[in-house]
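Take a look at the letters that make up each chain.
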Amino acid sequence: MKYSLGFRVWHWLNAFVVFGLLGTVFLRKTFLSYKENAEILMGKLHEIGIEITIEQAKVLAKAIRSGMWEWHIILGYALVFLVAYRIYLFVVATPKKEPFSTLTLHKKAVQALYYVFYATLLFMSISGFIIYFYEALGLSKEIAHDIKEVHEFVYTFILVFVPLHIAGVIIAENRDEKGLVSTMINGHE
Ligand code: HEM
Ligand code: HEM
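Residues numbered from 1 in each chain as written. Chains lettered and ligands numbered in written order. Predicted model: local features only at pLDDT ≥ 70, side-chain atom pairs only at ≥ 80, totals over all residues.

*Asks:* Would you explain the overall build of the chain in this entry?
*Replies:* The secondary structure content of the chain amounts to 6 helices and 0 strands. Tracing the chain from N to C terminus, the helices and strands come up as α-α-α-α-α-α. In terms of overall dimensions, the chain is more spread out than a globule: its C-alpha atoms have a radius of gyration of 21 Å, far above the 16 Å expected for 189 residues. A total of 189 residues make up the chain; the buried ones form 10% of that total. Taking the intrachain contacts of the chain between residues at least 6 apart in sequence as the baseline, contacts between residues at least 24 apart amount to 72%. (Helix = DSSP H or I, 4+ residues; strand = E, 2+ residues; numbered from the N terminus. Rg over C-alpha atoms; globule rule 2.2 N^0.38 Å. Buried ≥ 20, exposed ≤ 12 C-beta atoms within 10 Å, placed from the backbone. Contact = placed C-beta atoms within 7 Å.)

This is how it looks when you write it as structure tokens:
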């Protein structure tokens with residue numbers, strides 16, 4: 001056995017949750033962008049003879065967005081549990097892998113990228129919950145805003161990692177690691 005059942009379940013649930021979180025960000029920045037939708041609402045209401053200010057239109061557009069964005073928080077809770085479970089696996093049930101020192105340079109780089117990714121997930125979980133609960137934590141709006149900026153900046157790494165990882169796995173599967181993807185499904189070498 002290469003990857004334990006717990007580890008494989010973790011991998012796919014985590015992939016699902018990370019895709020979901022990226023999906024909510026995508027919607028927030030595109031179809032449900034409150035700035036763009038405020039313009040649309042104002043324009044369309046104007047056509048039917050109702051005048052509202054851009055500030056009022058933004059309130060409406062944010063109300064439309066809010067049901068979708070709740071999923072960022074719901075998936076955020078799921079991510080925290082997944083990160084905690086991954087830490088548990090690190091401590092008590094690390095998969096039996098080749099020791100780091102005997103890996104090829106390429107494999108070392110791949111492993112290093114995974115560790116950076118894990119650190120990033122941990123950071124996103126902590127920073128996300130700090131922004132979400134900033135009032136209860138006694139933080140000012142300014143500090144919460146600054147943390148949000150970092151949260152948003154670090155998101156770029158996740159955005160780059162995911163397609164890079166999938167492309168890397170597909171390339172490895174087609175070159176010298178036949179069956180790599182199925183090891184993450186059935187656990188066998
Ligand atoms: C958001 C999507 C995904 C995330 C966040 C993600 C994350 C990860 C992480 C962190 C690892 C390292 C596990 C470790 O050794 O500690 C890993 C390994 C792996 N993932 Fe993913 N993954 C995603 C999607 C996928 C998809 C779509 C596939 C299949 C096409 C896949 C196939 C694999 C395989 C085969 C490995 C083992 C590779 C190796 O040993 O280097 N992953 N994934
Ligand atoms: C893979 C993990 C995550 C990614 C990639 C991610 C990405 C992002 C991005 C890009 C933004 C800025 C959106 C914008 O202003 O356009 C954001 C905001 C935010 N995220 Fe996350 N996030 C993640 C995890 C979390 C977690 C675990 C929580 C915890 C609840 C969280 C809570 C928040 C909150 C509260 C905001 C601020 C929303 C606002 O200003 O109205 N995020 N996230």
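*Asks:* How should the site of ligand 2 be read in this particular structure?
*Replies:* Near ligand 2 you find 22 residues, and of these Gly76, Met124, Gly128, Tyr132 and Tyr155 are the closest. Counting residues per element, the ones that place at least two in the shell around ligand 2 are α1 (5-29), α3 (54-92), α4 (105-132) and α5 (141-174). A per-class count over the shell around ligand 2 returns 13 nonpolar, 5 polar and 4 charged. (Near = placed C-beta within 6 Å. Nonpolar A, V, L, I, M, F, W, Y, C, P; charged D, E, K, R; others polar.)

*Asks:* What should I look at first to understand the packing of α1 against α5 in this one?
*Replies:* Between two packed helices, both the angle of their axes relative to each other and the distance between the axes serve to describe the pair. It is the contact of α1 with α5, at a shortest axis distance of 11 Å, that shows an interaxial angle of 120°. With respect to α5, the element α1 is oriented oblique. Note on packing geometry: the crossing formed by α1 with α5 is left-handed. Side by side, α1 and α5 meet where Val18, Leu22 and Val25 of the first sit next to Tyr155, Ile158, Leu159 and Val162 of the second. (Axes fitted to C-alpha atoms, helices over the stretch in contact; angles between N-to-C directions. Parallel < 35°, antiparallel > 145°, perpendicular 65-115°, else oblique. Left-handed = near helix turned anticlockwise from the far one by under 90°.)

*Asks:* I tried to follow α4 on my own but got confused; where do I start?
*Replies:* Side chains of residues three or four places apart in an α-helix project in the same direction, reflecting 3.6 residues per turn. For α4, with 28 residues, the first-to-last C-alpha span of 40 Å sits near the 40 Å given by 1.5 Å per residue. Three or more residues of α4 are buried, namely Leu121, Met124, Gly128 and Ile131. Its buried side turned inward, α4 meets α3 and α5. (Expected span 1.5 Å × (residues − 1).)

*Asks:* Looking at this model, I keep getting lost on the site of ligand 1. Mind explaining?
*Replies:* Within the structure, ligand 1 sits among 15 residues, and Ala15, Val18, Tyr114, Val169 and Met184 are positioned closest to it. With 5 residues, the top contributor of residues to the shell around ligand 1 is α1. Taken together, the residues that form the shell around ligand 1 break down as 12 nonpolar, 3 polar and no charged.

*Asks:* Looking at this structure, how should I read the nonpolar core?
*Replies:* One recurring pattern in soluble globular proteins: nonpolar side chains tend to sit buried together. Counting 9 residues, the largest nonpolar core is built from Val17, Val18, Leu21, Leu75, Leu79, Leu82, Val83, Leu121 and Met124. If you list the elements that add at least two residues to this core, you get α1, α3 and α4. In terms of residue count, the dominant contributor to this core is α3 (4 residues). Beyond its immediate stretch of four places on either side in the chain, Met124 contacts His151 and Val154. (Core = buried A, V, L, I, M, F, W, Y, C linked by C-beta atoms within 7 Å.)

*Asks:* So what exactly am I meant to see when it comes to the environment of Ser66 here?
*Replies:* Here Ser66 is to be found in helix α3. Spatially, the C-alpha atoms of Ser66 and Arg28 are 9.4 Å apart, while their sequence positions differ by 38 residues.

*Asks:* Is there a simple way to think about the environment of Phe7 in this case?
*Replies:* With respect to the secondary-structure elements, Phe7 resides in helix α1. In sequence terms Phe7 and Ala119 are 112 residues apart; their C-alpha atoms lie 17 Å from each other.

*Asks:* Looking at this structure, how should I read the packing of α3 against α4?
*Replies:* With their axes 10 Å apart at the nearest point, α3 and α4 run at an angle of 135° to one another. In terms of orientation, α3 and α4 fall into the oblique class. Note that α3 runs across α4; the crossing there is left-handed. Counted together, Ile73, Gly76, Leu79, Val80, Val83 and Arg86 of α3 and Tyr118, Leu121, Leu122, Ser125, Gly128 and Tyr132 of α4 form the full contact between these two elements.

*Asks:* Sorry if this is basic, but what is going on with the environment of Leu41 here?
*Replies:* Tracing the sequence through the fold places Leu41 in helix α2 (residues 34-47). The buried category is assigned to Leu41, around which 21 C-beta atoms lie within 10 Å. When the C-alpha positions of Leu41 and Ile52 are compared, they lie 9.0 Å apart, and in sequence the two are 11 residues distant. When residues no more than four places from it in sequence are discounted, the contact partners of Leu41 are Ala57, Leu60 and Ala61.

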